[in-house]
Structure formats: structure tokens, C-alpha cells
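Structure assessment
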Amino acid sequence: MTENKTARTIPFFNYPAQFIRQEEEILGVMRDVMRRGAFILQKDLEEFEKNLAKFINVKYAFGVADGSNAITIALIAAGIKAGDEVIVPSHTFIASPSAVHWVGATPVLVDCGKDHMIDPKSVEAAITSKTKAIMPVQLNGRTADMASLQEIADRHGLLIIEDAAQALGSRFGNRFAGTFGIAGTFSFYPAKLLGCYGDGGGIVTNDDKVAAQITMLRDHGRDPEGQIRRWGFNSRLDNLQAAVLNFKLKSFEQEVVYRRRLAQVYQDQLAGVTQMLLPPPPCSDGKHFDVYQNYEVEAQDRDALREHLANRGVKTIIQWSGTPVHQFEALGFTVKPPYTEQMFTKCFLLPMNTTVTEDEVIYICEQIRDFYQARR
Ligand SMILES: *Cc1c(COP(=O)(O)O)cnc(C)c1O
């Protein structure tokens, strides 16, 4: 009878709610752009690029078509080519190894550690004479141990190209995700930390030569005078999306504060649940500043727990639809990174975004505690 008293519906991500709370402002930004007829490579894009670069303290930022294109262009601009090997974690979106594949290089998949970030030991073990670069994927709003990775890269003469699609604003030490290597990339997919209303991506670099290449690569190989200097792509961030992103960037830091608060509530509410491994909490050490794109846990009896949560109105997902890259048979990988293998029997994402309330997080955690209590 009273079972449904507290029933709620908490979607994993609420796209309409995220728009509706700023509907008038967003429509105002769009109307202004459209009335100016400013659609491709216009001043809103330039301003967004300037503000993005300033925010993460990097010399150049470029808006491109999406976060996947961003990786491809970054790899080409950094000089990665056919025959090279690039080390990528298996726990990532297919876009990271796919970009390596499409520049003609070979993605070499490695393991992650307990914090779900690329494992430096696994990286070191995968280096061959063909290795040209390491691609740390800054997942879930956390930045990998860049001190160890930089040390390995320096010792072996390798480049670092970061896939920071999930980590805008995250830091390791005093540097922002995306700014450690020769180039770093971001995604502005709607559900990302900074999302637009369609596809969008970014590339950042401190290197003048790489920046010049990116300028041409994203615009048909043209230099600023319109002369074709190399083969390129059509991969420009729409000015309309750039204007929206520029507007949203203003409140971005408050959104990060909010996500970190939700992470702390999860931490406080679930600290006693021994059947779960939680992500590192917001102030776990002095090196990492995590921005919680996702809240990825490992849980005993995961599938039953997810079903229990679904029955109580809480939608959860498993990243990459439950399959790390090395397990896609069609791609022919033969490695079996051990931590990633076992983690994918346990990991999933709890709701984490700026339309989830603290109260909802408390409700979600109550359902989790109920689940494990009933099983003791
Ligand atoms: C979202 C994402 C991408 C790709 O971004 P798109 O903008 O969707 O192309 C790449 N890598 C990771 C880790 C991502 O999460």
C-alpha cells in the first residue's frame, strides 16, 4: 500500500529541463546571432575561443564540429601518421581509438586503475619502437596522474594528446585537463559538462605550429587568406552553438561547484556501503580537482541493484553501453586489460548533472542502502 509513497522519477539526464530553466536567455542569444546572419566562423566563435582559452589558461582554443573530429584533427596537427602507435585506455568512448585508426595509426589499448583513469604502469608496458603518443582520457571529470604520464612520455620521447571530452575545468596540480600535452580536446555534446544544442567540440594547444595547422585543418586546409595550404576538413563549430557556449561558460564555475556538492552528498550517504567502490571524493587529495562529469561507481550485484533502482524510478546507465573498447569483437583487439575486464562487471553511472537535486541524491542513496540491507 505505502510502497509507492516516495516513488519518484529521476531521469539519468534531463535534456528539456536543462534548456527550460534558461529558455529566455538562450533564445535571446540565438535570436541575436540569427538576426545578424552570423553563422560560420564569426565573432561569437572567436569570443568563445578566447574565453575558453582564458578559462583553462592555454594559448589557443579552437571550436570544431564535435569532440570526435577534435581528436582526429589534434592527432594530425601533432604529426601522428600511418604506422605510428598511440596508447589509449580501453575504458573510453570509441571516438578516442577511432580517431587514431582514421589517421592511419594503430590504437594500443591499455588498462585503467581504481580511479578509472589510464594506468601509467600499463602505459609503460605497452610502449614499442612504433609508439608516438599517449592519449590519456580524462574521464568522468577527473584528470589522470599527469606527473607519472609526463615522466614516461619524456623518458621515451612520446607526445601527449589528451582526450579531455569529459573534463573541462578539471585540474591536476595547477594545470587544467587538456593543457598538459601538445594538444587537448573537448566535446560540447549536450550532456557534457559544457553542452550546446547539437554537436560541438574544441581543441586547445600552447604550440604555435600546431595551432596554425588546426586553423587550416578545420577549414578545408585554407590559411587565413583563403589559400589552400594542405588537405583539410570542414570541421567548424557553428557560430550559433559558439554563442550559446559563450553564454553558458559564464556560469560554468558555479555548475562545477554544484556537481562537486552532489558528489560530496553521494560520498556522505554511501560511505558505509561496503559493497560499493565510490569515485574519489571532491577533496581527497591536494593534486586532483575533479568536476564530476559522471559519478561512476563499482557495485556488487550491479545488475540487480540497477534493476532495483529502476523499479524505484532511478535511471542509471553503464558507460559505452557496457562494453570497453577491447571487448568489441568487430574491432579485432586481442588484449584483456585485467582491471577494466573485472570493472565492467561492476561499474555504472548514478545520475550526476545540474538538474539533479541534493534531495534526489539522498533518495537515490536510500534506495541503494535498502537494496544491500535486504540482501544481508
Ligand atoms: C563524448 C566523448 C567524445 C566524443 O565527443 P563527441 O562530441 O560526441 O564527438 C570523445 N571521448 C570521450 C571520452 C567522450 O566522452
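Overview of the structure. Quick caveat: nothing in here was measured; it's all calculated off a predicted structure.

**Considerations on the environment of D370**
Position of D370 among the secondary structure elements: in helix α13 (residues 358–374). Expressed as a C-alpha distance, the spacing of D370 and F39, which sit 331 residues apart in the sequence, is 52 Å. Not counting the four nearest positions on each side in its chain, D370 is found in contact with H308 and R312. One polar contact links D370 to R312, side chain to side chain, over a distance of 3.2 Å.

**A short note on the pairing of strand β12 (residues 295–299)**
Burial of β12 is extensive: five of the five residues sit out of reach of the surface. Covered by surrounding structure in β12 are Y295, V297 and A299 together with E296 and E298, the residues of both alternating faces. Pairing of strand β10 (residues 276–277) with β12, which is carried by two bridges, proceeds in the antiparallel orientation. Each residue of the ladder has a partner; that of M276, found in β12, is A299.

**With respect to the side chain of T185**
Relative to the assigned elements, T185 resides in strand β8 (residues 183–187). The class of T185 is buried, set by a relative accessible area of 1%. With near-sequence residues (within four places) excluded, T185 lies in contact with A70, I71, A74, E162, D163, A164, A165, G202 and I203.

**Describing the pattern of salt bridges**
All chains considered together, the criterion is met by 19 salt bridges. Here R36 makes a salt bridge to D32, at a shortest N to O gap of 2.8 Å. Within this pair, R36 and its partner D32 are both found in helix α2 (residues 23–36), separated by four residues, close to a single helical turn. With relative accessibility at 34%, the residue R36 sits in the partly exposed group. You can call D32 partly exposed: its relative accessible area is 40%. A cluster of three or more residues bridged by salt bridges with shared partners is formed by D32, R36 and D44.

**Examining the pairing of strand β3 (residues 106–110)**
In the case of a regular strand, side chains alternate between the two sheet surfaces. Sheet analysis places strand β2 (residues 85–89) next to β3, joined by five bridges and oriented parallel. What sits directly across from V88, in β3, is L109. Assessed by its sense of winding, the connection that carries the chain from β2 through helix α5 (residues 95–102) to β3 is right-handed.

**Examining the sheet that holds β10**
Hydrogen bonds between backbone atoms are what pair the strands of a sheet, whose relative direction is either parallel or antiparallel. Strand order in the open sheet formed by three strands is β10-β12-β13, with antiparallel pairing between adjacent strands. With one partner strand each, in any of the chains shown, β10 and β13 (347–350) form the two edges of the open sheet. Contacting β10, β12 and β13, helix α10 (residues 252–270) crosses the sheet at an angle of about 20° to β12.

**A few points about the packing of α2 against helix α9 (residues 239–249)**
When two helices pack together, their arrangement is given by the angle between the helix axes and the distance between those axes. In the contact formed by α2 and α9, the axes pass within 9 Å of each other and the chain directions differ by 140°. Judged by the angle between their axes, α2 and α9 are oblique. Here the hand of the crossing between α2 and α9 comes out right-handed. Where α2 approaches α9, its residues E25, I26, V29, M30, V33 and M34 are matched on the opposing element by N239, L240, A243, V244, F247 and K248. Its residues assigned to classes, the contact of α2 with α9 shows nine nonpolar, one polar and two charged.

**As for the nonpolar core**
In this structure, M276 and L350 are the most contacted members of the largest nonpolar core, which totals 54 residues. Where this core is concerned, the elements lending two or more residues are α6 (120–126), α7 (146–156), α10, β12, α11 (302–311), α12 (338–343), β13 and α13. Broken down by element, the residue count for this core peaks at seven residues, all from α13. Every residue in contact with M276, bar those within four places of it in the chain, is listed here: L270, V297, E298, A299, L305, F348, I368 and Y372.

**Observations regarding α9**
Of all 11 residues in α9, 10 are buried, a share of seventy percent or more. Along α9, the residues that are buried comprise N239, Q241, A242, A243, V244, L245, N246, F247, K248 and L249. Against the buried residues of α9 lie α1 (15–20), α2, α3 (43–55) and α10.

**Some remarks on the sheet that holds strand β4 (residues 131–134)**
The strand order across the open sheet formed by seven strands is β1-β9-β8-β5-β4-β2-β3, and the pairing between neighbours is mixed. Strand pairing shows two members of the sheet lacking a second neighbour, β1 (60–64) and β3, which therefore form its edges. Neighbouring strand axes in the sheet, compared pairwise and without regard to direction, differ in orientation by 25° on average. Pairing analysis gives five bridges linking β1 to strand β9 (residues 201–205), with the strands arranged antiparallel. Bridging from a neighbouring strand, Y60 pairs with T205 of β9. The strands touched by α5 are β2, β3 and β5 (159–163); relative to β3, the strand with the most contacts, the crossing angle is about 150°.

Rules used in this analysis
- Residues numbered from 1 in each chain as written.
- Predicted model: local features only at pLDDT ≥ 70, side-chain atom pairs only at ≥ 80, totals over all residues.
- Heavy atoms only, no water.
- Helix = DSSP H or I, 4+ residues; strand = E, 2+ residues; numbered from the N terminus.
- Contact = heavy atoms within 4.5 Å.
- Polar contact = N/O pair within 3.5 Å; in protein donor to acceptor, adjacent residues only side chain to side chain.
- Buried < 20%, exposed > 50% of the residue type's maximum accessible area, 1.4 Å probe, protein only.
- Pairing = 2+ DSSP bridges.
- Salt bridge = Lys/Arg side-chain N within 4 Å of Asp/Glu carboxyl O.
- Right-handed = clockwise from strand over helix to strand, strands pointing away.
- Axes fitted to C-alpha atoms, helices over the stretch in contact; angles between N-to-C directions.
- Parallel < 35°, antiparallel > 145°, perpendicular 65-115°, else oblique.
- Left-handed = near helix turned anticlockwise from the far one by under 90°.
- Nonpolar A, V, L, I, M, F, W, Y, C, P; charged D, E, K, R; others polar.
- Core = buried A, V, L, I, M, F, W, Y, C linked by side-chain atoms within 4.5 Å.

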